[in-house]
Amino acid sequence: PSDIENVDADEKWTATADEAKITTSKAGLQGAVSGGGIPVDASSNVAKQTFDLETQRVTNEIKTGLGLVIVGGPFRQSPNVPLRAVVGFDTAKVGPLDISFLFDIRAKIKGSYDSGWVETTYVSDSVRIGRGNKGSMFILTRDRDAVN
């Protein structure tokens, strides 16, 4: 597809919960990425984001001085915005250290694992452009070698 009107939302996505509890604001991060509120310096490393439609999980990975940082969780289609994926982060690892319990604590306090959203504003066979609930704007490519 060459524009968002031609994007077909995967039928496995479901729209059951409310996005109202997700904070929408500007994170104020430069040269960093944030997954579920965990900021990671991305100024000298390439971040990788994977949406697995079969398992309905999103995973963000970036190599840092502390090791590979992985943040991920299930996603579902927004009931309000069809090209928005609502993410409920439940996995966080920094190198060998598993800190996923932080998402469990936050979910108990908030009453939900829902912690962010990613909205696709343009997609083609090679590029995806989108934005997130913390004001992030991003350009993703399938070709890792195209990233400097």
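Residues numbered from 1 in each chain as written. Predicted model: local features only at pLDDT ≥ 70, side-chain atom pairs only at ≥ 80, totals over all residues. Heavy atoms only, no water.

Engineer: I tried to follow the overall build of the protein on my own but got confused; where do I start?
Structural biologist: For the protein, the helix and strand inventory stands at 1 helix and 11 strands. Secondary structure elements of the protein occur, N-terminal to C-terminal, as β-β-β-β-β-β-β-β-α-β-β-β. Looking at the protein as a whole, 31% of its 148 residues are labelled buried. Pairs at least 24 apart in sequence give 47% of the contacts found in the protein among residues at least 6 apart. (Helix = DSSP H or I, 4+ residues; strand = E, 2+ residues; numbered from the N terminus. Buried < 20%, exposed > 50% of the residue type's maximum accessible area, 1.4 Å probe, protein only. Contact = heavy atoms within 4.5 Å.)

Engineer: Help me understand the packing of aromatic side chains, please; the structure alone is not making it clear to me.
Structural biologist: Where two aromatic rings form a pair, the distance of their centres and the angle of their planes describe that pair. A complete count under the given rule lists 2 aromatic pairs for this structure. With a centroid separation of 4.9 Å and 75° between ring planes, the pair formed by F51 and F75 is classed as edge-to-face. With F51 in strand β3 (residues 48-52) and F75 in strand β5 (residues 67-77), this pair connects stretches of sequence that are 24 residues apart. Just above the ring of W117 sits the side chain of R84; from NZ or CZ to the centre is 3.6 Å. (Phe/Tyr/Trp six-rings, centres within 6.5 Å; stacked < 30°, edge-to-face > 60°. Lys NZ or Arg CZ within 6 Å of the ring centre and 35° of its normal.)

Engineer: Please explain the side chain of E119 as it appears in this structure.
Structural biologist: Inspection of the secondary structure assignment puts E119 in strand β9 (residues 116-123). In this structure the side chain of E119 is engaged in a polar contact, spanning 2.6 Å, whose partner is the side chain of R84. Setting aside its immediate chain neighbours within four residues, E119 contacts V81, L83, R84, I129, G130 and R131. (Polar contact = N/O pair within 3.5 Å; in protein donor to acceptor, adjacent residues only side chain to side chain.)

Engineer: Help me understand the nonpolar core, please; the structure alone is not making it clear to me.
Structural biologist: Nonpolar side chains in soluble globular proteins tend to end up buried together. Counting residues in hydrophobic clusters, the biggest one holds 11 residues: V58, I62, V69, V71, F75, A85, V87, F89, A92, I99 and F103. Put simply, the parts of the chain that give this core at least two residues each are β4 (57-64), β5 and β6 (84-87). The greatest single-element share of this core, amounting to 3 residues, is contributed by β5. (Core = buried A, V, L, I, M, F, W, Y, C linked by side-chain atoms within 4.5 Å.)

Engineer: Please explain the pattern of salt bridges as it appears in this structure.
Structural biologist: Oppositely charged side chains can pair when the atoms bearing their charge come close. The full count for this structure, using the stated rule, is 4 salt bridges. Among the ionic pairs, R131 bridges to E119, the shortest N-O distance being 3.5 Å. Of the two residues, R131 is situated in strand β10 (residues 127-132) and E119 in strand β9; the sequence distance between them amounts to 12 residues. The exposure class assigned to R131 is partly exposed, which follows from its relative accessible area of 31%. With relative accessibility at 11%, the residue E119 sits in the buried group. Look at the salt bridges and you will find they share partners, linking R84, E119 and R131 into a network. (Salt bridge = Lys/Arg side-chain N within 4 Å of Asp/Glu carboxyl O.)

Engineer: So what exactly am I meant to see when it comes to the environment of L68 here?
Structural biologist: Assignment of secondary structure puts L68 in strand β5. Residue class for L68 comes out partly exposed when judged on its relative accessible area of 34%. Residues L68 and V94 lie 26 residues apart in sequence; the distance between their C-alpha atoms is 6.0 Å. Excluding its chain neighbours within four sequence positions, the residues that come into contact with L68 are E61, I62, K63, K93, V94 and G95.

Engineer: What exactly am I supposed to notice about the confidence of the model for the protein here?
Structural biologist: Atom-level detail of predicted coordinates should not be read off regions where pLDDT is low. Taken as a whole, the protein shows an average pLDDT of 74; of its residues, 68% reach a score of 70 or greater. No element of the protein has a lower mean pLDDT than strand β1 (residues 32-35), which averages 56, and none a higher one than strand β8 (residues 97-98), which averages 95. pLDDT under 50 marks residues 1-27. Its contacts with residues more than four places away, or in other chains, come to 62 contacts. (pLDDT = per-residue confidence, 0-100.)

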